[in-house]
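So you can see what is in the structure, the chains are spelled out below.
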Amino acid sequence: MSASLGAPADGLFEVGQRPPFRAYLAEAWRRRTFAYTLAQFKIVSGLLQNRLGILWLVLRPLFMAAIYGTLFGALLSESARPDDWIPYVLTGTFTFQFFTGCFGAGSKSITSNSRLVQSLGFPRILLPVSVVLEEALRAIPIFTLLVILLPIFGVPMRWSWLLIIPILAMMALFNFGVALIVARMSVWTRDVQQFIPIVNRVLFYVSSIFFQVDLIFADNPLILTIAHLVPTYDFIAMIRGVTLVDHAVPSLALIAAPIWTVLALGIGLVYFWKAEARYGLSE
């Protein structure tokens, strides 16, 4: 009897105690359907509030690409723009939105679900998981639209387009790691959420969405190397490399992207897990 009281049973853990790391991940995996259901619910509930419904999943990134593409297309000289300007902007904008969605919503995944955190017992990591799943589901129609639009704008279809799937899968793991980090930081101080749009805006301009860093910084190897190490640039460059004809992926980006993914995921998992027992206590 005493032995049964001294240890958690059936995957349950004592309230206010941090479970062992491996047991914690195993329990999160066992309850993975909760995260998927929550992601589906948030998408549906959000779309039902709009008349156009599911169309907004593709209209929002399409409008963003059209507005910024027109603006930067007018500002940049013809020599600074790639020949395939529209496909270049579309691939960059659509890929970047996948990151910003996970980054922004991930920072609020715990704080915006305080009642759920306080009332139900479950691994809190499932909330950032649901955010990434939600954004991944949103990305499906967006990249389906991309595959439809690219041939319209003169990009020939290639078998390499299938590599979009594993690249986005790796990016999802990177986004998940980042979401875990900012989720815990936001619980510690809500001010973190105020910096998210600023960080997104900086990354927006340094990720080569509208200009070619290899062309602009060709005479400055140091800055070019730093640009190639920006994680969002790496994933955008990889998507362009498998979809567009004239945009080879820099070797450094091919090396950096998996390293960023492993680092973000590893640090994020441990960092988030260490505060598991405190989530909801100060809400």
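Preceding this section is the structure that the text describes.
Quick caveat: nothing in here was measured; it's all calculated off a predicted structure. (Residues numbered from 1 in each chain as written. Predicted model: local features only at pLDDT ≥ 70, side-chain atom pairs only at ≥ 80, totals over all residues. Heavy atoms only, no water.)

*Asks:* Break down the packing of helix α12 (residues 231-243) against helix α13 (residues 251-273) for me, citing the residues and quoting the values.
*Replies:* Viewed as axis vectors pointing N to C, α12 and α13 meet at an angle of 125°, and their least axial separation amounts to 9 Å. With respect to each other, α12 and α13 are oriented oblique. Between α12 and α13 the crossing geometry is left-handed. Contacts from Pro-231, Tyr-233, Asp-234, Phe-235 and Met-238 in α12 reach Ala-253, Leu-254, Ala-256, Ala-257, Trp-260 and Thr-261 in α13. (Axes fitted to C-alpha atoms, helices over the stretch in contact; angles between N-to-C directions. Helix = DSSP H or I, 4+ residues; strand = E, 2+ residues; numbered from the N terminus. Parallel < 35°, antiparallel > 145°, perpendicular 65-115°, else oblique. Left-handed = near helix turned anticlockwise from the far one by under 90°. Contact = heavy atoms within 4.5 Å.)

*Asks:* Describe in detail unusual backbone geometry, supporting the description with residues and values.
*Replies:* One non-glycine residue, Ser-208, adopts positive backbone phi at about 60°. Of note, Ser-208 is situated in the loop between α9 (192-206) and α10 (213-216).

*Asks:* Can you explain the packing of aromatic side chains? Please cite residues and give values.
*Replies:* Evaluation of the coordinates by the stated rule reveals 12 aromatic pairs. Pairing Phe-99 with Phe-103 gives two aromatic rings, centres 5.2 Å apart and planes at 25°, and the pair type is stacked. Linking Phe-99 with Phe-103, this pair stays in helix α5 (residues 85-107), spanning four residues, or about one helical turn. Judged by centre distance (6.2 Å) and plane angle (25°), the ring pair of Phe-99 and Phe-174 falls under stacked. Highlighted residues: Phe-99 in helix α5 and Phe-174 in helix α8 (residues 164-188), separated in sequence by 75 residues. (Phe/Tyr/Trp six-rings, centres within 6.5 Å; stacked < 30°, edge-to-face > 60°.)

*Asks:* Can you tell me about helix α11 (residues 221-228), naming the residues and giving the values?
*Replies:* Taken together, the buried positions of α11 are occupied by Leu-224, Ala-227 and His-228. Down the axis of α11, the sector holding all buried residues measures 95°, keeping them to one side. In α11, the exposed positions that point more than 90 degrees away from the buried face belong to Leu-222 and Ile-226. Elements that come into contact with the buried residues of α11 comprise α10, α12 and α13. (Buried < 20%, exposed > 50% of the residue type's maximum accessible area, 1.4 Å probe, protein only. Arc of directions from axis to C-beta.)

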